[in-house]
Amino acid sequence: SSTPRGLTWTPAESRAQRLEDRFFRPPQTAQPPFRCPNQTPDYSMKVLLALSAVAVGKLLRGRETSCPPWTIDGTPAPTSLIGNPLIEEAYPCPVSALLGNSDARLPQWADVKPEHIVPAVDFVVKRADVELKVLEANAAPEWSKLVVPFERLTEPVGRAWVMAKHLESVANTPALRKAIDEANPVITQFNQRLSQSEGLYRAFKELRAGGGNLTRAQKRIVDSQVQQFELGGVGLTGQKKTTFNNIGNEMSDLRTKFNSNMLDAANHWRLVVKNRSMIVGLPVVVAKRAADRFNRVRGGNATWNEGPWMLTSGHGDFAAVMTKARSRKLRKVMLQALLSRGLGGKYDNLPVSWRINELRQQDAQILGFGNYTAESFATKMAKPAQVDRLLGQIKDVVKPRSDAEHVELTAFARQLGFNDTLQRWDVNVFASRLMAQKYAVDHRALRQYFALDNVLTGLFNLTERLFDVQVVELSNTSVSTWDAGIRTFAISRNGTVISNFYLDLWSRNGQKTAGAWFRPLRSHSTSMKTQPLGCIVMNKRRPPPQYPVLMANQEVETLFHEFGHALQHLLTTEPEGMAAGCNNVEWDAIEFPSQFLEYFALNDPWTKGQILRHFRTGGAIPANLTAQWEGARHARHASGLLYQLYLGNLDLQLHARSWEKPESLLQFEDHLYESFNSMPPMNGTCKVCSFSHIFQGGYAAGYYSYKWAQVLSADAFAAFQDAGNNTGAVVALGRKYRDTVLAQGGGAHPLDLFVQFRGREPESEPMLKIEGLVA
């Protein structure tokens, strides 16, 4: 993907977002805290028994009936809420629960309209507020009388809101965005009300003090909730509390604005090329797509070989131009467009980024931290000194190799007659030619062995081999989705379905956020009788119907990466929903399962034998093509890794202080870039203006997590490498990993889980070896 991959679900980077994550995590479904009028269990069972099998099926799909109106403290809700898909997701009908699973039906995504969002959010928040008052009045320091009701009152709000936010990222429209903007303050204010409940805070503290009968997972949940109350400002009073809450409100609005600016800036950038010499080197398919786009947007009779051509900053056009175009001018313009996205003009994110950081610093100081980086580390696995040491060790190894790669590339460009100074917009085109000459990699031929169906089959076969579960695709006709291209799967163990997930592969310009991620939608909870549900999102360009779906090796790694996230959520056996799967996992360990599975994609011989099959013949990849590809895999790898270290340091240093003015961020960014890279920064660009991971996502003062977790994942994967071709040993390791890291999730500290699996604490050497940086 064009941006670093990540899990979208619990960004603990600002107080407002942190509360959304911790209190409104992908929720657990309890028995609804209300009853539909006249629906006693006996009555509901009689109704159910009277229904035909077809009618029951329709009912569970949510197509034929809904519960009667609900009430708030005795007052009936508006009849307009009947049939609202967000309400149906928040409060599943009791008929489903009678079948032993309150999640028997999947959400009705196709039925959601923008006008559903505000009424649904208003209703679920009003109900939750009433229930919160009741819980505050009756809270007792007992698990069943405090934590279970706490889940039940937050659950409907979380279900409705995660459904709306998911659609915002995958099926965005102006009307949907407007509705979410209107509902957002309601959620933020309830977050504040919940996080600053002194009665619940006291009850959780008392439960922690006398928690001798709690399980390990329950103790971790209680500890985490106490901390979240404290970071949520529960102890603040007077002007400090007012300021703190105002910061949360403004932060929520700014995060939304940052994301909107990113989408709008990308959607509105177009480059019309009329000079044929500018597109020399571009593949015909790219030129044809650009000509077709011009005809569609401007009208006309453009052709692929005569133009005009309309290019966008999307990944397909960008990658083609940067690696194939002979025109330096075109490459520079395209790179400038990407690196300056969100800088200046109508969609300027520079003041937004600056203001977000200012608010984070104020937030941290009110809570008693020296800066926001210190506040962020309060909820992390690692300590600041450990992170500084790790990043420094990796940089010491990587920087000399990166400098050597630059020298080699410069010399190669000179051989081709390039006598100018090598600039950032020259790197990819010459690197592509260097790899073609040095390793003779035929990427077109290679892609024929990465057919999507073969990759999915191999991925699911690996999942069954290691974790003893089966993945089966569901029929599109029986599942409601937000787009016709969505695929839905069920995971079963011993013939019983234990979870479901969606696969949203295709890019949709103007509707879908760039990048790749996994979003949990529902969580496992034994007491609440729910099964996990999630969505893997990518942004692959969809080929025409008559063409096969072939993948680049980076796309294969991305798919495995996101499925690694999904498996931690979908295979959990932790009974407590607030610690099941991804819930309650320290943020800097959240990438451990994802990067672990990613290593299998292209480093495990058994897995490669599964996925590397010709899309037509099914034949294995030829040995010479494998050798070429293996040789090129780590080409210029040090430069890419060094850039990730730069981003990690940029994030940590930026959040360690306030900055005098927005422009100060640009100066800081350029200065830091020069200390990591062999080439100077490009004028008129701004990474912080588009660094969505830290300003809109959850990685603020935590982007280092990718490297921190990579140490864990590489060390865990090395155990499988040591097992080699010993099938019994590999299978045993898979079950052990499943029963520790995947099964226990946030119910245990990630370091404890690693030690349970590996038998020792993690070491960094396996990561450096796998990445080809040490022998």
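These figures come from a predicted structure and were not determined experimentally.

Q: Is there a simple way to explain helix α26 (residues 662-676) in this structure?
A: In an α-helix, one turn spans 3.6 residues, which is why side chains three or four residues apart end up on the same side. With 15 residues, α26 extends 22 Å between its outermost C-alpha atoms, agreeing within 8% with the 21 Å of an ideal straight helix rising 1.5 Å per residue. What α26 keeps buried is the set Pro662, Ser664, Leu665, Phe668, Glu669, Leu672, Tyr673 and Phe676. All buried residues of α26 lie within an arc of 165° about the axis, which places them on one face of the element. When the buried face of α26 is taken as reference, the exposed residues oriented beyond 90 degrees from it are Gln667 and His671. Taken together, the buried residues of α26 touch α15 (350-366), α17 (384-415), α18 (424-439) and α25 (637-654).

Q: In this structure, what is going on with the pattern of salt bridges? I would like to understand it.
A: Where charged atoms from two side chains of opposite charge come close, those side chains can pair. If you walk through the whole model with that rule in mind, you get 33 salt bridges. Among the salt bridges present, the one from Arg522 reaches Glu89, with a minimum N-O distance of 2.6 Å. Placement of the pair is Arg522 in strand β9 (residues 517-522) and Glu89 in helix α4 (residues 85-90), with a sequence separation of 433 residues. Taken as a pair, Arg522 and Glu89 share a single burial class, namely buried. Here Asp715 and Arg760 are joined by a salt bridge, their closest N and O atoms 2.7 Å apart. Taken together, the residues Asp715 in helix α28 (residues 705-723) and Arg760 in the loop between α30 (750-758) and α31 (765-770) connect sequence positions 45 residues apart.

Q: For this particular structure, what's the right way to read the confidence of the model for the chain?
A: Note that predicted coordinates carrying low pLDDT should not be read in detail. Mean pLDDT over the chain stands at 87; residues scoring 70 or higher make up 89%. Averaged pLDDT values for the elements of the chain fall to 32 in helix α2 (residues 41-50) and rise to 98 in helix α29 (residues 727-744). Scored below 50 in pLDDT, residues 1-69 makes 207 contacts in the model with residues more than four places away or belonging to other chains. Within the model, the stretch residues 94-103 combines pLDDT values under 50 with 28 contacts to residues more than four positions away or in other chains.

Q: Explain the packing of aromatic side chains here, please?
A: Here a ring pair, both rings aromatic, is described through the centre-centre distance and the interplanar angle of the planes. Within this structure, the stated rule accounts for 36 aromatic pairs. Here the aromatic rings of Phe592 and Tyr737 are separated by 6.2 Å at their centres, their planes lie at 80°, and the arrangement is edge-to-face. Note that Phe592 is positioned in helix α22 (residues 592-603) and Tyr737 in helix α29, a separation of 145 residues in sequence. Each of the two residues, Phe592 as well as Tyr737, counts as buried. Sitting over the face of the ring of Tyr372, Arg360 holds its NZ or CZ atom 5.6 Å from the ring centroid.

Cut-off values and rules
Residues numbered from 1 in each chain as written. Predicted model: local features only at pLDDT ≥ 70, side-chain atom pairs only at ≥ 80, totals over all residues. Heavy atoms only, no water. Helix = DSSP H or I, 4+ residues; strand = E, 2+ residues; numbered from the N terminus. Expected span 1.5 Å × (residues − 1). Buried < 20%, exposed > 50% of the residue type's maximum accessible area, 1.4 Å probe, protein only. Arc of directions from axis to C-beta. Contact = heavy atoms within 4.5 Å. Salt bridge = Lys/Arg side-chain N within 4 Å of Asp/Glu carboxyl O. pLDDT = per-residue confidence, 0-100. Phe/Tyr/Trp six-rings, centres within 6.5 Å; stacked < 30°, edge-to-face > 60°. Lys NZ or Arg CZ within 6 Å of the ring centre and 35° of its normal.

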